[in-house]
Amino acid sequence: MSTQKTLKEVIKEEYKKCLVDPIYFMKKYVKIQHPIRGTVNFDLYDFQEKTLTDLVNHDFNIILKSRQMGISTLTAAYSLWLMVFHKDKNVLCISINQETSKEIVTRVRFANDNLPSWLKVKEQEDNRLSLRLTNGSQIKAVSSAGTSGRSSALSLLIIDEAAFIDNIAEIWLSAQYTLSTGGRAIMLSTPNGVGNFFHQTWIKAEAKENEFNTIRLPWNLHPERDQTWRDKQTELSGVKGAAQECDCDFATTGNGIVDAVTIDFYKQSKVKDPIEMRGIDHGYWIWEYPDYSRNYIVSADVARGDGGDYSAFQVIDVESLTQVAEYKGLIGTKEYGNMLVTVATDYNNALLIVENANIGWAVLQQIIDRQYPNTFYSSADLQYVDVERQLTNKINRDEKKMIPGFTNSQKTRPLLISKLESYFRERSVEVRSIRFMDELAVFIWDGNKVTAMKGYNDDLVMAMSIGLWVRDTALKLRQQSMELNRSMLGGITRIGGSQNVYKSQTVSSQEAWQMKTGKTTDKKEDLTWLL
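Residues numbered from 1 in each chain as written. Predicted model: local features only at pLDDT ≥ 70, side-chain atom pairs only at ≥ 80, totals over all residues. Heavy atoms only, no water.

Trainee: Please explain the overall build of the protein chain as it appears in this structure.
Mentor: Within the protein chain, the secondary structure is distributed over 15 helices and 24 strands. Here the protein chain holds 531 residues, and the buried ones make up 47% of them. Considering only contacts within the protein chain whose residues lie at least 6 apart along the sequence, 66% involve residues at least 24 apart. Accessible area for the protein chain stands at about 26800 Å²; split by element, carbon and sulfur atoms hold 49% of it. (Helix = DSSP H or I, 4+ residues; strand = E, 2+ residues; numbered from the N terminus. Buried < 20%, exposed > 50% of the residue type's maximum accessible area, 1.4 Å probe, protein only. Contact = heavy atoms within 4.5 Å. Areas by Shrake-Rupley, 256 points an atom, 1.4 Å probe, with all protein chains shown as cover.)

Written out as structure tokens, the structure reads:
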């Protein structure tokens, strides 16, 4: 005979379910105000459930979102869940102004008022900008003043419309101390161009240079929106405005070397997480381990040494034009030289190309001291790689006036940029790195010169440019030279005593690379070393 559960037992089970599962709590017990349908149950969409899971699993979240995705409402419901099921939680909401920030408090208040009596926690203090419950938990809304983040220890900091707050960097700095006791943070916004704190924080999060988990929510994740709706937004806001408001496109100035459509293509279809991140700073990203049947280039850009940029290198598969590894970080010249030798050696003694400007010579000297056998040399007299004269083997370098490394000068830089633009316009290079694509998005024309947008770096971009250009010039010429040597040596043989006379003669492929070393002996020398 089954025993029927009492009401108290049922309530206890439901309470436990809500405590451990905020999705269950929201879908079953939280009510929201819909602008068309009025008061309805908060029936989360799939993308909202995934977002909520991220909010629970990560302490710091940055959300790049389309308009009207219900994320502010989701954040309010998450705040309510924290306050109801945990004692003494302190939630602070900051937005562009006080009126905007209080909207989250209003949503929390409405949802709490509509909870079942056995779930609802009584209010101890309730006013327009704050709500305090009897279990000690509270939520408060403030404006975006520079000292807004200075509060008592916070459990959760919510910064809404973060891209539109002018002094958000100051707010975030002041909030660090209030979050230091284990607090969480949610920074959410639609994009507002590039160069602002929100954009920079997003880029660093994608590059794993800060603690934020990225959540990207474009318009097409919403099940009630289709292409007709999207086309209507273009009519209302224009192409650029709709791209920012709907597509989560930071929309640069339009002066980029590579257009936004191509960059979005790479981000959506080519970019992927590395299979391994090495180093103390996790700056060395690997997508493919060395394949000993392949040829590689390692092209390196060296930091100026003033702390304003980074040292960076790219590892590129010569035949497939695939990015297999990259590095970006702050590192000493000696350590960088040793690292480049190690990486290039691992990748089958790859052709190692190092920019030789300024501090780059210190890195090159370390490579030379290590006697790395496949360092790239360029002509000293022309200060750039002349495609008619370039040689990459080390025979007679002194006579040919070759210097180690690649010179990035006023003559060579336009060639590098042109090659970079061509490869990406044709989408013929396989790039996996999100931090490279973020750099490329802000690599722009500034008057008559090409540079990174103010506040950003182009270290990975320049390393890639050098690698692509050398791949298309020096290596092609070396291949032509090798084929010419094979053709010439394949058709000659030595004849007659001690006379230095050669004549063309048809010989087998095996004998073509052998030469007698004496008059009365059949001993032969293998000439394949000439290749």
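Trainee: Mind showing me how you'd approach helix 4 (residues 71-85) here?
Mentor: For the α-helix, the turn length of 3.6 residues means that residues three or four positions removed from each other point alike. Helix length check: helix 4, at 15 residues, gives a terminal C-alpha distance of 21 Å against a target of 21 Å (1.5 Å per residue), a fit within 8%. The element helix 4 is largely enclosed, with a buried count of 15 among its 15 residues. (Expected span 1.5 Å × (residues − 1).)

Trainee: Looking at this model, I keep getting lost on the pairing of strand 6 (residues 130-133). Mind explaining?
Mentor: Side-chain positions along a regular strand alternate between the two faces of the sheet. With 4 bridges connecting them, strand 5 (residues 123-127) and strand 6 associate as antiparallel partners. Considered in strand 6, the bridge of Asp126 is made with Leu131. Two successive antiparallel strands, strand 5 and strand 6, enclose a turn made up of 2 residues. Where strand 6 and strand 7 (residues 138-142) come together, 3 bridges link them in antiparallel fashion. In the strand pairing of strand 7, Leu131 is matched with Ile139. Taking the residues that link successive antiparallel strands as the turn, the strand 6-strand 7 hairpin has 4 residues, and the phi of Gly136 there is positive, at about 95 degrees. (Pairing = 2+ DSSP bridges.)

Trainee: What am I meant to see in the packing of helix 13 (residues 434-441) against helix 14 (residues 459-472) here?
Mentor: A packed helix pair is summarised by two numbers, namely the angle formed by the two axes and the spacing between the axes. Running from N to C, helix 13 and helix 14 point in directions that differ by 95 degrees, and their axes come no closer than 8 Å. When the interaxial angle is binned, helix 13 and helix 14 end up roughly perpendicular. For the pair helix 13 and helix 14, the contacting residues are Arg435, Phe436, Glu439 and Leu440 in the first and Asp459, Leu460, Val461 and Met464 in the second. Taken together, the residues that form the contact of helix 13 with helix 14 break down as 5 nonpolar, no polar and 3 charged. (Axes fitted to C-alpha atoms, helices over the stretch in contact; angles between N-to-C directions. Parallel < 35°, antiparallel > 145°, perpendicular 65-115°, else oblique. Nonpolar A, V, L, I, M, F, W, Y, C, P; charged D, E, K, R; others polar.)

Trainee: How should the state of the cysteines be read in this particular structure?
Mentor: Put plainly, a disulfide is one covalent bond tying together the sulfur atoms of two cysteines. This structure, assessed with the given rule, holds 0 disulfides. Among the cysteines around Cys248, which has no disulfide bond, Cys246 carries the closest sulfur, lying 8.9 Å off. (Disulfide = S-S within 2.5 Å.)

Trainee: What's the story with the sheet that holds strand 10 (residues 213-217) in this structure? I'm lost.
Mentor: Neighbouring strands of a sheet are bound in pairs by backbone hydrogen bonds; such pairs are parallel or else antiparallel. Ordered in space as 5-6-7-4-8-9-3-10, the 8 strands form an open sheet in which the pairing is mixed. Each having just a single partner strand, strand 5 and strand 10 make up the two edges of the open sheet. Across the sheet, the mean angle separating the axes of adjacent strands is 15 degrees when strand polarity is ignored. Here strand 8 (residues 156-160) runs beside strand 9 (residues 184-189); their pairing, made up of 5 bridges, is parallel. The partner of Leu156 across the bridge, within strand 9, is Arg184. Running at roughly 115 degrees to strand 3 (residues 60-65), helix 7 (residues 197-206) makes contact with strand 3, strand 9 and strand 10 of the sheet.

Trainee: How should I be thinking about the packing of aromatic side chains in this particular structure?
Mentor: Remark: the centre distance and the inter-plane angle together describe each pair of aromatic rings, the angle taken between the planes. Applying the stated rule across the entire model yields 19 aromatic pairs. Judged by centre distance (6.1 Å) and plane angle (80 degrees), the ring pair of Phe60 and Trp172 falls under edge-to-face. With Phe60 in strand 3 and Trp172 in helix 6 (residues 168-179), the pair connects residues that are 112 residues apart, well separated along the chain. Trp172 carries the same exposure label as Phe60, and that label is buried. Through a chain of ring-to-ring contacts, three or more aromatic side chains come together here, namely Phe265, Tyr266, Phe424 and Phe436. In this structure, Arg427 packs its charged tip against the face of Phe265, placed 4.2 Å from the ring centre. (Phe/Tyr/Trp six-rings, centres within 6.5 Å; stacked < 30°, edge-to-face > 60°. Lys NZ or Arg CZ within 6 Å of the ring centre and 35° of its normal.)

Trainee: Is there a simple way to think about the sheet that holds strand 15 (residues 322-329) in this case?
Mentor: The strand order 11-12-15-14-13-16 describes an open sheet built from 6 strands, whose pairing is mixed. What marks the edges here is a single partner per strand, and that holds for strand 11 (276-278) and strand 16 (351-354). In this sheet, neighbouring strand axes are inclined to one another by 15 degrees on average, regardless of whether the strands run parallel or antiparallel. Direction of pairing for strand 11 relative to strand 12 (residues 284-286): antiparallel, over a ladder of 3 bridges. Its bridge partner being in strand 12, Arg278 is matched across the sheet by Tyr284.

Trainee: Any chance you could explain the side chain of Ser101 here in plain terms?
Mentor: Among the structural elements, Ser101 can be located in helix 5 (residues 98-113). Ser101 gets classed as buried once you look at its relative accessible area, which sits at 2%. Only 3.0 Å separates the side chain of Ser101 from the backbone oxygen of Gln98, close enough to count as a polar contact. Excluding residues that lie within four positions of it along the chain, Ser101 makes contacts with Cys93, Ile94, Ser95, Ala141, Val142 and Ser143. (Polar contact = N/O pair within 3.5 Å; in protein donor to acceptor, adjacent residues only side chain to side chain.)

Trainee: How should I be thinking about the environment of Val30 in this particular structure?
Mentor: Considering the arrangement of structural elements, one finds Val30 in the loop between helix 2 (22-29) and strand 1 (31-34). Spatially, the C-alpha atoms of Val30 and Phe110 are 9.3 Å apart, while their sequence positions differ by 80 residues. In this structure Val30 touches Phe25, Val40, Asn41, Phe42, Ala77 and Ala111, once residues within four positions along its chain are discounted.

Trainee: What is the right way to look at the confidence of the model for the protein chain in this model?
Mentor: Atom-level detail of predicted coordinates should not be read off regions where pLDDT is low. Mean pLDDT over the protein chain: 83, with 82% of residues reaching 70 or higher. Within the model, the stretch residues 381-399 combines pLDDT values under 50 with 37 contacts to residues more than four positions away or in other chains. Counted against residues more than four places away or in other chains, residues 493-504, with its pLDDT under 50, gives 15 contacts. (pLDDT = per-residue confidence, 0-100.)

Trainee: What is the right way to read the nonpolar core from this model?
Mentor: A general feature of soluble globular proteins is that nonpolar side chains tend to end up buried together. Counting residues in each nonpolar core, the largest one holds 45 residues, and the members touching the most others are Phe25, Met26, Tyr78 and Ile139. For this core, the element with the most residues is helix 4, which contributes 11 residues. Here Phe25 is in contact with Cys18, Val30, Ala77, Leu80, Trp81, Phe85, Leu115 and Leu119, once residues within four sequence places are set aside. Judged by nonpolar contacts, the second largest core, of 34 residues, contains Val258, Ala312, Val318 and Leu416. (Core = buried A, V, L, I, M, F, W, Y, C linked by side-chain atoms within 4.5 Å.)

Trainee: Please explain the environment of Gly241 as it appears in this structure.
Mentor: Topologically, Gly241 is positioned in helix 8 (residues 227-247). Counting along the chain gives 49 residues from Gly241 to Asn192, while the straight-line C-alpha distance between them is 9.7 Å.

Trainee: Where do I start with unusual backbone geometry in this structure?
Mentor: Excluding glycine, a negative phi dihedral is what most residues carry, and trans is how most peptide bonds are arranged. Here the phi dihedral of Lys208 falls at roughly 60 degrees; this positive angle occurs in a residue that is not glycine. In this fold, Lys208 is placed in the loop between helix 7 and strand 10. With a relative accessible area of 43%, Lys208 lands in the partly exposed category. Even without a glycine there, the phi angle at Arg427 is positive, about 55 degrees. For Arg427, a relative accessible area of 35% translates into the label partly exposed.

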